[in-house]
Amino acid sequence: VQCTQYTVYENIRVLVEKIALKRNRRITPLEFFLMGAVAKACATITTYPIQLAQTKLRADKKKQYKGTLDVLAKIFSKSGVKGLYQGVTAKLWQTVITAAFQFLTYEEVKFLVFLFLLGPKKKNIS
C-alpha cells in the first residue's frame, strides 16, 4: 500500500509543481492535502481486495479457504467485483483523511525546516 501511495503522490506532485511554477508560487497547503487524499484513495482502492482476502483468511476458523487467491475467487464467483470491494467506503474514510493530513503536515514542516536552515529563496516552490 505504501509503495503505491507514495508513487501516486510523487507523480501528482510533479504535475502540481509544474502548475505552481507557471503561477509563480509554491504548492498550497490545500493542494498538498488533496494530493495526499488522492494518493491514499488510489492505494486503498488498488489493494483493498487483497486486504479483504487477508482479513477473511485470518478469521477463517473452519479452514474453508486454501489461500488468498481462493478467497478472491470465491468472493468474485459469489458477489462479483462488488463483493471484492464490500466495505471499501468505511476503509476509505478511515485512511484517506489521515493520509491527507500526514502529507500536508510533512510538506509544510519540510518547507519550514528548509526555510529555517537555508533562508528564503526567490524561486523556492516546494
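To start, this report covers the structure provided alongside it. (Residues numbered from 1 in each chain as written. Predicted model: local features only at pLDDT ≥ 70, side-chain atom pairs only at ≥ 80, totals over all residues. Heavy atoms only, no water.)

## Notes on the packing of helix α1 (residues 2–22) against helix α4 (residues 88–118)
α4 packs onto α1 with a crossing angle of 55° between their chain directions and a minimal axis gap of 13 Å. Considering their axes alone, α1 and α4 lie oblique with respect to each other. As for how α1 packs across α4, the hand of that crossing is right-handed. Facing α1, whose interface residues are Gln-5, Tyr-6, Tyr-9 and Arg-13, α4 presents Ala-99, Gln-102, Phe-103, Glu-107 and Lys-110. Of the residues assigned to the contact of α1 with α4, the class counts are 4 nonpolar, 2 polar and 3 charged. (Axes fitted to C-alpha atoms, helices over the stretch in contact; angles between N-to-C directions. Helix = DSSP H or I, 4+ residues; strand = E, 2+ residues; numbered from the N terminus. Parallel < 35°, antiparallel > 145°, perpendicular 65-115°, else oblique. Left-handed = near helix turned anticlockwise from the far one by under 90°. Contact = heavy atoms within 4.5 Å. Nonpolar A, V, L, I, M, F, W, Y, C, P; charged D, E, K, R; others polar.)

## Quick notes on unusual backbone geometry
One non-glycine residue, Asn-24, lies in positive phi territory at about 60°. As for its position among the elements, Asn-24 is in the loop between α1 and α2 (29–58). Residue classification places Asn-24 among the exposed positions, given a relative accessible area of 59%. (Buried < 20%, exposed > 50% of the residue type's maximum accessible area, 1.4 Å probe, protein only.)

## Comments concerning the nonpolar core
Within the largest apolar cluster, 14 residues are counted, with the highest numbers of intra-cluster contacts made by Tyr-9, Val-16, Ile-27, Phe-32 and Met-35. Breaking this core down by element, the ones donating at least two residues are α1, α2 and α4. If you tally residues by element for this core, the top one is α2, at 5 residues. If we ignore the near neighbours within four places in the chain, the residues touching Met-35 are Tyr-9, Ile-12, Arg-13, Val-16 and Ile-27. Listed in part, the 9 residues of the second largest apolar core include Tyr-48, Val-71, Leu-72 and Leu-84. (Core = buried A, V, L, I, M, F, W, Y, C linked by side-chain atoms within 4.5 Å.)

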